[in-house]
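Below are the chains, spelled out letter by letter.
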Amino acid sequence: MSETIFSKIIRKEIPADIVFESEDVIAFRDINPKAPVHILIIPKVEIPSVTKINSKEHSELLGKLFDAVNSIAHKLEVDSDGFRLVINSGDNGGQEVKHLHIHLLGGRKMNWPPG
Ligand code: 5GP
């Protein structure tokens, strides 16, 4: 499996504005934000996309990812007004970076349906 730019961020080989870090999860501001708050929450282990997730291997990690989501939403004060989580998967889903990531978007009213 080929490595992505996110592996370099995890290893701190390239800079990122990190807002949360634990043993298994790291979160940082998107370099090209689509909302006033736009955070990428990623597992440190390389999982290429949502299609590679299974409950047998990843239940605990998924719980930790969502613990991180809630911790970040609280820290960045978007929890009370609300926010949107997005996981793009594959070409039609618009996934550019093949390392599983949750987009947390907040600080403005989101539109529906998404583009
Ligand atoms: P995707 O389209 O794969 O769901 O989202 C990838 C996201 O990663 C994009 O929103 C893009 O702006 C962001 N991104 C790509 N390269 C970098 C980088 O080097 N640093 C940061 N902070 N974000 C990046």
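Look a little higher up for the structure.
**Digging into a nonpolar patch on the surface**
Thought 1: Taken together, the side chains of Phe66, Phe83 and Leu85 define a hydrophobic patch exposed on the protein surface, amounting to about 230 Å² of accessible area.
Thought 2: Looking at the secondary structure, you find Phe66 in helix H2 (residues 55-75).

**Some thoughts on the sheet that holds strand S3 (residues 37-43)**
Thought 1: Read across the open sheet, the 5 strands follow the order S1-S2-S3-S5-S4; overall the sheet is antiparallel. Across the chains shown, the open sheet's two edge strands, defined by having one partner strand only, are strand S1 (18-21) and strand S4 (83-86). Each strand axis lies, on average, 20 degrees off the axis of its neighbour in the sheet, ignoring direction.
Thought 2: The strands that H2 touches are S1, strand S2 (25-29), S3, S4 and strand S5 (102-106); relative to S3, the one it contacts most, it runs at about 155 degrees.

**Side note on the site of the ligand**
Thought 1: Neighbouring the ligand are 16 residues, the closest being Asp30, Asn88, Glu96, His101 and His103.
Thought 2: A distance of 2.7 Å separates an oxygen atom of the ligand from a polar backbone atom of Glu96.
Thought 3: Note that an oxygen atom of the ligand is positioned 2.8 Å from one of the side-chain N or O atoms of His101.
Thought 4: Protein contact buries 86% of the 520 Å² of open area that the ligand shows by itself.
Thought 5: Those elements giving two or more residues to the shell around the ligand turn out to be helix H1 (5-10) and S2.
Thought 6: Examining the composition of the shell around the ligand, we find that 3 residues originate from one element, H1, more than from any other.
Thought 7: Classifying every residue of the shell around the ligand by side-chain character gives 7 nonpolar, 6 polar and 3 charged.

What counts as what
Residues numbered from 1 in each chain as written. Predicted model: local features only at pLDDT ≥ 70, side-chain atom pairs only at ≥ 80, totals over all residues. Heavy atoms only, no water. Patch = residues over 30% accessible without salt bridge, like charges linked within 9 Å, V, L, I, M, F, W, Y side chains within 5 Å. Areas by Shrake-Rupley, 256 points an atom, 1.4 Å probe, with all protein chains shown as cover. Salt bridge = Lys/Arg side-chain N within 4 Å of Asp/Glu carboxyl O. Helix = DSSP H or I, 4+ residues; strand = E, 2+ residues; numbered from the N terminus. Pairing = 2+ DSSP bridges. Axes fitted to C-alpha atoms, helices over the stretch in contact; angles between N-to-C directions. Contact = heavy atoms within 4.5 Å. Near = heavy atom within 4 Å. Polar contact = N/O pair within 3.5 Å; in protein donor to acceptor, adjacent residues only side chain to side chain. Nonpolar A, V, L, I, M, F, W, Y, C, P; charged D, E, K, R; others polar.

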